[in-house]
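If you want the building blocks of each chain, they are given just below.
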Amino acid sequence: MRVSYKYLGRYREIATVLIKYGFGFIVDKLNKESVAGNVTTHGPGSSVKKMTTGQRLRFAFEELGPTYIKIGQIISTRKDLFDDDIISELSKLRDDVEQFDDYIAMDLLDKELGVSRKEVFSYISESPIAAASIGQVYSARLKDGTDVVIKIQRPNIESTIKADIEILKRLSSNLEFLKKEWNVDIYDLISEMEMQLVRELDYKFEAVNGTKLRNIFKDSKEVFIPRIYDEYTTKRLLVMEKVNGLCLSDISSHKLSDDKKKKIVDIGVRSFFRQVMTCGFFHADPHPGNIFVMDDMRLAYIDFGMVGLIDDKTLGQLNQLILAATDKNVDKIIRILADMDAISKSSNDEGLKRDLLYLVHYYFDIPFDRLRISEVLDEAFRFMRNHRVSLPSQLVILGKTMITLEGTSRGLYKEFSAETIASSYIRYYKHEKLDIRRNINNLKSGFDEYYFDLVSVPGQLKNIISILEKNELKLDIGEMRSPKIEENIRKFTTQVSMAIMLTACIVGSSLILASENIQKSRTIKFVGICGFILSFIIGLALVFLIFKNNYHRKD
């Protein structure tokens, strides 16, 4: 496959940097496939040869510019795919890049606002307070006196990133040999990174994330989320309330007591589990630069470009995995992983069970004061890579976020213990288990699903019959008639009918008891209770019929 001449210069630039940092074997492969043309340049110097693979990748990404810096940051979250050396080095990639011209930034600001900036802001800093790979940030003040920060996207950054992604996609088919070494599907990985980058290029996504987190903590006395000014925010412009406080990355220069540090850590851990366990939506990059401590000891979060989502089903499976690991029930862990479709068909079942048994017995016998969550998760991710276990990406992001959270907590408070994380998890786990309204909603959702499955059976049977007819497969039902078959069909339809009635009673009664009007009328409460009593009777009858039929079948 030949590359587009439109990007030929960029291809050669990429090839030159790869050779410089010791990845010439990739360029050789591309040259053989006539992809990048012949690139001749000097190989890696002696200093580069002393570097690890992770270090060489980091320096190459930094030299290749914004797209590759962002790609490196995304790769650093995939501990399930890459070795610790690569992950640790790429985690060091930061958005400290060269600033673009302030005049250009102000022109872009006017263009995105649709009016002169002087009509919206009474003050804007002369130079940016931060410059990142995608945009740079200015301090400002609205006409009403509110202090804000303005994030302005770099000019032409979108076209640059899209061009680099297109190049990578074109090259991906020629990099399949890397799958054997790293066990990574290059094209799928690039496509996943493309989705992440497209979201980060649209500041409206970040605005939505920030607003959602602000709603989660709107009544909190421990966490503050700055307001996003949607009326001024566009795809390339973000205006956000300024956070006045001490950034955790600068906290070492301030003398805080251990009690205050412990309080900060406790709030951070509690707020994390509230996001995950209660809302299924969490800030996925809680490193020190994104967290501030305000004067009233509230924690403030900024930068909402990277968030994690986890649905109730996946969260339930995660809870079951943790409980099974606590019980050291390896067989149950494997069953849950199989239900999640996480185990590769080519996996060595005996080796997987052996390594999992070692992992569980080793780490779940370590006292909390000596346990590090990061070590446990690192070992778990290594286990996943070795046995090609692929958890849902939302769980991988959750694991990476927990590692970042623990690192931030230990950096602030040296006495931090994994027990803090464990106790917060148990607290929110029990809270969710005992939340009646949430359980009723889950029950309703579950029964709705079962009811849909039941009522869809006739339609599925009709489709099967239609398929049989189209394939001219003729069956003489009359010759197949027998009292035993008819009796089994009658028993089956009776059980299905009773199951539908049971579902309807439970769902209806649950909705009645969950109604806001239940306290206003005893009649409504009585009807709801009667519905559950009727459900109980139907359920007993259904269980009796099932056991009776199974008993006769054995005879």
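Every residue gets a number counted from 1 within its own chain, in the order that chain's sequence is written. Local features in this predicted model are restricted to residues whose pLDDT is 70 or higher, and side-chain atom pairs enter the listing and the counts only when it is 80 or higher, whereas totals over whole chains, interfaces and linings include all residues. Computation of side-chain values covers all heavy atoms of the structure but excludes hydrogens and water.

Quick notes on the overall build of the protein
What counts as a helix is a DSSP run of H or I of at least four residues, what counts as a strand is a run of E of at least two, and both are numbered from the N terminus. Looking only at helices and strands, the protein has 22 helices and 11 strands in total. Exposed residues in this analysis have more than 50% of their type's maximum accessible area, buried residues have under 20%, and partly exposed residues fall in between, with area computed by a 1.4 Å probe over protein chains only. A buried classification covers 43% of the 555 residues belonging to the protein. Two residues qualify as a contact provided that any one of their heavy atoms is within 4.5 Å of a heavy atom in the partner residue. Within the protein, counting contacts between residues at least 6 apart in sequence, those at least 24 apart form 68% of the total. Reported accessibility uses the Shrake-Rupley method at a 1.4 Å probe radius. Residues are deemed covered only where the shown protein chains occlude them. Split by element, the accessible area of the protein, about 31,500 Å² in all, is 54% carbon and sulfur.

Structural notes on unusual backbone geometry
Its identity as a non-glycine residue notwithstanding, Met 297 has a phi of 70°, on the positive side. Relative to the elements of secondary structure, Met 297 occurs in the loop between strand 9 (291-293) and strand 10 (299-301). On the basis of relative accessible area, Met 297 is assigned to the buried category, the value being 15%. The phi torsion at Lys 328 lies on the positive side, around 60°, for a residue other than glycine. Among the structural elements, Lys 328 can be located in the loop between helix 13 (312-326) and helix 14 (330-339). Exposure remark for Lys 328: the relative accessible area of 27% places this residue in the partly exposed category.

Brief notes about the packing of helix 8 (residues 157-172) against helix 10 (residues 186-201)
The angle between two axes is taken between their N-to-C directions and runs from 0 to 180 degrees, where each axis is a line fitted to C-alpha atoms and a helix contributes only its stretch in contact. Following both chains from N to C, one finds helix 8 and helix 10 inclined at 170°, their axes separated by 10 Å at the closest point. It follows that helix 8 is roughly antiparallel to helix 10 by the angle criterion. Together, Ile 157, Glu 158, Ile 161, Ile 165, Leu 168, Lys 169 and Ser 172 of helix 8 and Ile 186, Tyr 187, Ile 190, Ser 191, Glu 194, Leu 197 and Leu 201 of helix 10 make up the contact between the two elements. Classes in brief: Ala, Val, Leu, Ile, Met, Phe, Trp, Tyr, Cys and Pro nonpolar; Asp, Glu, Lys and Arg charged; the others, Gly included, polar. Of the residues contributing to the contact of helix 8 with helix 10, the split by class is nine nonpolar, two polar and three charged. Should an angle fall under 35 degrees it is called roughly parallel, over 145 degrees roughly antiparallel, and 65 to 115 degrees roughly perpendicular, with every other angle called oblique.

Description of helix 14
All of the buried residues in helix 14 are Val 330, Ile 333, Ile 336 and Leu 337. The buried residues of helix 14 occupy one face: seen down the axis, they fall within an arc of 120°. In helix 14, the exposed positions that point more than 90 degrees away from the buried face belong to Arg 335 and Asp 339. Here the buried face of helix 14 lies against helix 13 and helix 15 (349-363). The directions considered for the arc are those from the helix axis to the C-beta atoms.

Comments concerning the pattern of salt bridges
One speaks of a salt bridge when a side-chain nitrogen belonging to Lys or Arg is within 4 Å of a carboxyl oxygen belonging to Asp or Glu. Counted under the stated rule, the structure contains 18 salt bridges. The salt bridge partner of Lys 20 is Glu 63, with a shortest N-O separation of 3.0 Å. You can see Lys 20 sitting in helix 1 (residues 8-20) and its partner Glu 63 sitting in helix 4 (residues 53-64), a full 43 residues away along the chain. On the basis of relative accessibility, which here comes to 37%, the residue Lys 20 falls in the partly exposed class. In this structure Glu 63 comes out as partly exposed when scored by relative accessible area, which is 38%. The salt bridge partner of Arg 354 is Asp 355, with a shortest N-O separation of 3.5 Å. Taking relative accessible area as the criterion, Arg 354 reaches 54% and is therefore assigned exposed.

Quick word on the packing of helix 16 (residues 373-387) against helix 17 (residues 393-412)
Axes are the key here: two packed helices are described by the angle between their axes and the distance separating the axes. The geometry of helix 16 relative to helix 17 is characterised by a closest axis approach of 9 Å and an angle of 150° between their N-to-C directions. Compared by their axis directions, helix 16 and helix 17 come out roughly antiparallel. Seen along the crossing, helix 16 lies across helix 17 with a hand that is left-handed. In this structure, helix 16 uses Ile 373, Ser 374, Leu 377, Asp 378 and Phe 381 to contact helix 17, whose residues at the interface are Val 396, Gly 399, Lys 400, Met 402, Ile 403 and Glu 406. Looking at the contact of helix 16 with helix 17 residue by residue, the class counts come to six nonpolar, two polar and three charged. Crossing handedness is read from the near helix: turned anticlockwise from the far helix by less than a right angle, it gives a left-handed crossing, and turned clockwise, a right-handed one.

A short note on a nonpolar patch on the surface
Like-charged residues are merged into a patch within 9 Å and nonpolar side chains (Val, Leu, Ile, Met, Phe, Trp, Tyr) within 5 Å, provided each residue has over 30% relative accessible area and no salt bridge. A surface patch of nonpolar side chains, amounting to about 500 Å² of accessible area, comprises Ile 529, Ile 533, Phe 536, Ile 537 and Leu 540. Looking at the secondary structure, you find Ile 533 in helix 22 (residues 522-554).

Concerning the environment of Ile 421
Structurally, the position occupied by Ile 421 is in helix 18 (residues 418-433). In this structure Ile 421 comes out as buried when scored by relative accessible area, which is 4%. Discounting chain neighbours no more than four positions away, the residues touching Ile 421 are Val 269, Phe 273, Ile 373, Met 402, Glu 406 and Phe 416.

Some thoughts on the pairing of strand 4 (residues 147-153)
With six of seven residues buried, strand 4 is to be regarded as a mostly interior element. Taken together, strand 3 (residues 135-142) and the strand that follows it, strand 4, pair antiparallel across an intervening segment of four residues, in which Gly 145 is found at a positive phi of about 95°. We treat two strands as partners when DSSP finds at least two bridges between them. Two elements, strand 4 and strand 6 (residues 237-241), share five bridges in a ladder whose sense is antiparallel. Considered in strand 6, the bridge of Val 149 is made with Met 240.

Looking at the side chain of Ser 424
Positionally, Ser 424 belongs in helix 18. Here Ser 424 is in contact with Val 269, Arg 270 and Phe 273, once residues within four sequence places are set aside.

Focus on the sheet that holds strand 10
Taken together, four strands build an open sheet; the order of strands is 5-10-9-7 and the sheet is mixed. Only two strands of the sheet have a single neighbouring strand rather than two, namely strand 5 (223-224) and strand 7 (246-247). Judged from the two bridges that link them, strand 5 and strand 10 form a sheet pairing that is parallel. Each residue of the ladder has a partner; that of Phe 224, found in strand 10, is Ala 300.

Overview of the packing of aromatic side chains
Side-chain rings of Phe, Tyr and Trp (the six-membered ring for Trp) are treated as a pair once their centres are within 6.5 Å; stacked means planes under 30 degrees apart, edge-to-face means over 60, and tilted covers the remaining angles. Applying the stated criterion across every chain, the model contains seven aromatic pairs. When the centroid spacing of 6.0 Å and the interplanar angle of 75° are considered together, the rings of Phe 272 and Phe 282 count as edge-to-face. Residue Phe 272 is located in helix 12 (residues 258-279), and its partner Phe 282 is located in strand 8 (residues 281-283); the two are separated by 10 residues in the primary sequence. Seen from their ring centres, Tyr 358 and Tyr 362 are 5.8 Å apart, and the 15° between their planes marks the pair as stacked.

Description of helix 15
A helix is expected to reach a length of 1.5 Å times the quantity of its residues less one. Here helix 15 is 15 residues long and its end C-alpha atoms lie 21 Å apart, about the 21 Å a rise of 1.5 Å per residue gives. All of the buried residues in helix 15 are Gly 351, Leu 352, Leu 356, Leu 359, Val 360 and Tyr 363. Summarising the axial view, the buried residues of helix 15 lie within an arc of 155°, below the 170-degree limit, and thus occupy one face. Pointing more than 90 degrees away from the buried face of helix 15 are the exposed residues Glu 350, Arg 354 and Tyr 358. At its buried positions, helix 15 is contacted by helix 13, helix 14 and helix 16.

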